[in-house]
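Listed here are the chains, written in short residue letters.
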Amino acid sequence: MPSLRELRAEFAALLLIDAASSQVQVGWLTASKDCWQSSAEEAGIGVFTCVEALKVDLAAIDAFIFCEGPGSMLGIRTAGMALRTWNVITTRPVYAYQSLAVVAHALGDTELTLIADARRESWHTFRVDGKLERVPVAALTGRLATPAQFRNWSALPTETTRVPYTLSDLLVDVPDANLFRQTDAPDAFLHQEPSYVTWTPQIHRGP
């Protein structure tokens, strides 16, 4: 997987979209300068108001970067939908990264576990020397931290620290971390594909 430094060397203009938290963040990363906008609006509005505020010419984008999670499923899927729509007009490479991985690498603390609510009393976890996993709340041990402005539906485990989630700062600290993977179908990250039970319809008959 490439690093941000490698992506910037290959592409002159990158549009980054992160809607994983309650604060939508959009970065316009070019050879001359980086510009950022954020919005507290829901992603269906916030993504587009940020792009408009940055005065991004969609035709000038060489590649997209987006957060595939963990985080707000609605926000992430909204961002993915926008990228798929723009790529119908002009196809460009899309690179995905994971929110907890960026924070973990920026902090560089091998003893710290980053967590995000996965609902149903389970949590997404990531350590800088490991991989993204989903575990029940009872399995959480050691020092824990969660990105600020991430929503949680279950109560945070005791003594969990909230750490900043400002992409313009975090990415400065991880230029050479291999955090990005190319994808042809930008969407929310899933630990496993959903499975469905087959149902055979039958005509109801009285006794």
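Residues numbered from 1 in each chain as written. Predicted model: local features only at pLDDT ≥ 70, side-chain atom pairs only at ≥ 80, totals over all residues. Heavy atoms only, no water.

**Student:** Any chance you could explain the sheet that holds strand S7 (residues 122-126) here in plain terms?
**Tutor:** Note on sheets: strands pair through backbone hydrogen bonds, and any given pair is parallel or antiparallel. Strand order in the open sheet made by the 5 strands is S8-S7-S6-S9-S10, with mixed pairing throughout. Bordering the open sheet on either side are strand S8 (133-136) and strand S10 (161-163), each of which pairs with just one other strand. The sheet shows a mean angle of 40 degrees between the axes of neighbouring strands, direction not considered. As paired strands, strand S9 (residues 143-147) and S10 are joined by 3 bridges and run parallel to one another. Looking across to S10, one finds that Ala145 is bridged to Thr161. (Pairing = 2+ DSSP bridges. Helix = DSSP H or I, 4+ residues; strand = E, 2+ residues; numbered from the N terminus. Axes fitted to C-alpha atoms, helices over the stretch in contact; angles between N-to-C directions.)

**Student:** Explain the sheet that holds strand S3 (residues 34-39) here, please?
**Tutor:** With mixed pairing, the 6 strands of this open sheet are ordered in space as S3-S2-S1-S4-S5-S11. Among the strands making up the open sheet, the edge pair consists of S3 and strand S11 (181-182). Across the sheet, helix H2 (residues 43-53) is in contact with strand S1 (13-18), strand S2 (24-30) and S3; its angle to S2 comes to roughly 30 degrees. Lying over the sheet, helix H4 (residues 99-107) contacts strand S4 (63-69) and strand S5 (94-98), oriented at roughly 65 degrees with respect to S5. (Contact = heavy atoms within 4.5 Å.)

**Student:** Which parts of the structure should I look at to understand the pattern of salt bridges?
**Tutor:** Two side chains bearing opposite charge may form a pair once their charged atoms approach each other closely. Overall, the coordinates contain 6 salt bridges when judged by the stated rule. One salt bridge connects Asp176 with Arg5, and the closest N-O pair in it is separated by 2.6 Å. Taken as a pair, Asp176 in the loop between helix H5 (167-170) and S11 and Arg5 in helix H1 (residues 4-10) lie far apart in primary sequence, 171 residues in all. Given the relative accessible area of 47%, Asp176 is considered partly exposed. Between Glu68 and Arg181 there is a salt bridge whose closest N-O contact spans 2.6 Å. (Salt bridge = Lys/Arg side-chain N within 4 Å of Asp/Glu carboxyl O. Buried < 20%, exposed > 50% of the residue type's maximum accessible area, 1.4 Å probe, protein only.)

**Student:** Please clarify how the environment of Leu15 should be interpreted in this entry.
**Tutor:** With respect to the helices, strands and loops of the structure, Leu15 is situated in strand S1. Sequence spacing of Leu15 and Ile65 is 50 residues, and the spatial spacing of their C-alpha atoms is 6.1 Å. Setting aside chain neighbours within four positions, we find Leu15 in contact with Val26, Gly27, Trp28, Val51, Val56, Ile61, Ala63, Phe64, Ile65 and Trp86.

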